[in-house]
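# Descriptive structure summary
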Amino acid sequence: MSDLKTYAVWDAGTRWCHWVNVLCVIGLAAIGLVILNDGTLGVTNPGKVILKTVHVWIGYVFALNLLWRMVWGFLGNRYARWGRVLPGGKGYVRALRSYVASLRAGRPQQYLGHNPMGRLSVAVLFLLIFSQAITGLALAGTDLFYPPIGQWIAQWVAAPDVAPGSLQPYAPEMYDPAAYESMRSFRKPIVSVHLYSFYALIVMVVVHVTAVIVTELREEGNIISAMFTGRKSMKGLPVDAERSGHD
């Protein structure tokens, strides 16, 4: 263990974003599954409103955290920057080929940040997370008349003698029937995208967690604890390390 070196990798902004995202995904998934199975579980309309309200508020935290990560991709340290997180850029294809070759040889190259294959999976994760956030914000308006589009939806579906600002969910007597049906048609593809991107996100989360565990065991590193401490310990010099960045 004498040649074990410790490197500063994940800065505080990246770590906080990661764990807030983890908690939000767990909370949103749990509540979302209950909403999806509300009939089987016997959830009443008032219960649905409560569940959807909590779901939306967690969704706001989720969306703001994603916005923060977008900004931090330009402000964070070298391992948090988009050029080191997403695939692409000068030399990426060459690095990917080299990494795949090292895997086939049974001696995978070590990276402090995301390895070239990991950057591909991160891109898919971000795409799915963006999809969830955008469609979720839209559905918050169609379900509960919440921002950012809730006011517009309320004006669309309110009955002629009902103030849009007074609309309540699951109150059909307050809606114009034709306008409400048109809104539901508008909403339908958004629901589909939200639902199927949710399923895809769950699959990718399982793949991500499995890959982290396998890599941790195979390389005898500390990938998991590094997302708490910000520091990784490795033998030798990782491909993407700064020579002055270790103890």
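That block above? That's the structure.
Residues numbered from 1 in each chain as written. Predicted model: local features only at pLDDT ≥ 70, side-chain atom pairs only at ≥ 80, totals over all residues. Heavy atoms only, no water.

### Some thoughts on the environment of M117
Secondary-structure assignment places M117 in helix 6 (residues 116–144). Taking C-alpha positions, M117 is 9.9 Å from L86, a pair spaced 31 residues apart along the chain. Discounting residues that sit within four places of it in the chain, M117 has contacts with L96, Y99, V100 and L103. (Helix = DSSP H or I, 4+ residues; strand = E, 2+ residues; numbered from the N terminus. Contact = heavy atoms within 4.5 Å.)

### Some words on the nonpolar core
If you look at the biggest cluster of nonpolar residues, it comprises 16 residues, and the most contacted ones within it are F62, L66, V85, F126, I129, A133 and L201. For this core, the secondary-structure elements that each account for two or more residues are helix 1 (12–36), helix 3 (45–75), helix 4 (82–85), helix 6 and helix 8 (177–219). When residues of this core are assigned to their parent elements, the largest contribution, six residues, is made by helix 6. Every residue in contact with F126, bar those within four places of it in the chain, is listed here: L66, R69, W82, V85 and L86. In terms of nonpolar packing, the next biggest core, distinct from the first, is built from twelve residues, V157, V162, M174 and M183 among them. (Core = buried A, V, L, I, M, F, W, Y, C linked by side-chain atoms within 4.5 Å. Buried < 20%, exposed > 50% of the residue type's maximum accessible area, 1.4 Å probe, protein only.)

### A word on the pattern of salt bridges
All chains considered together, the criterion is met by three salt bridges. Between K48 and D38 there is a salt bridge, with its nearest N and O atoms 3.5 Å apart. Of this pair, K48 sits in helix 3 while D38 sits in helix 2 (residues 38–41); the two residues are ten residues apart in sequence, bridging distant segments of the chain. The two residues K48 and D38 agree in class, both being buried. K52 serves as the salt-bridge partner of D143, at 3.6 Å between the closest nitrogen and oxygen. Here K52 lies in helix 3 and D143 lies in helix 6, a separation of 91 residues in the sequence. (Salt bridge = Lys/Arg side-chain N within 4 Å of Asp/Glu carboxyl O.)

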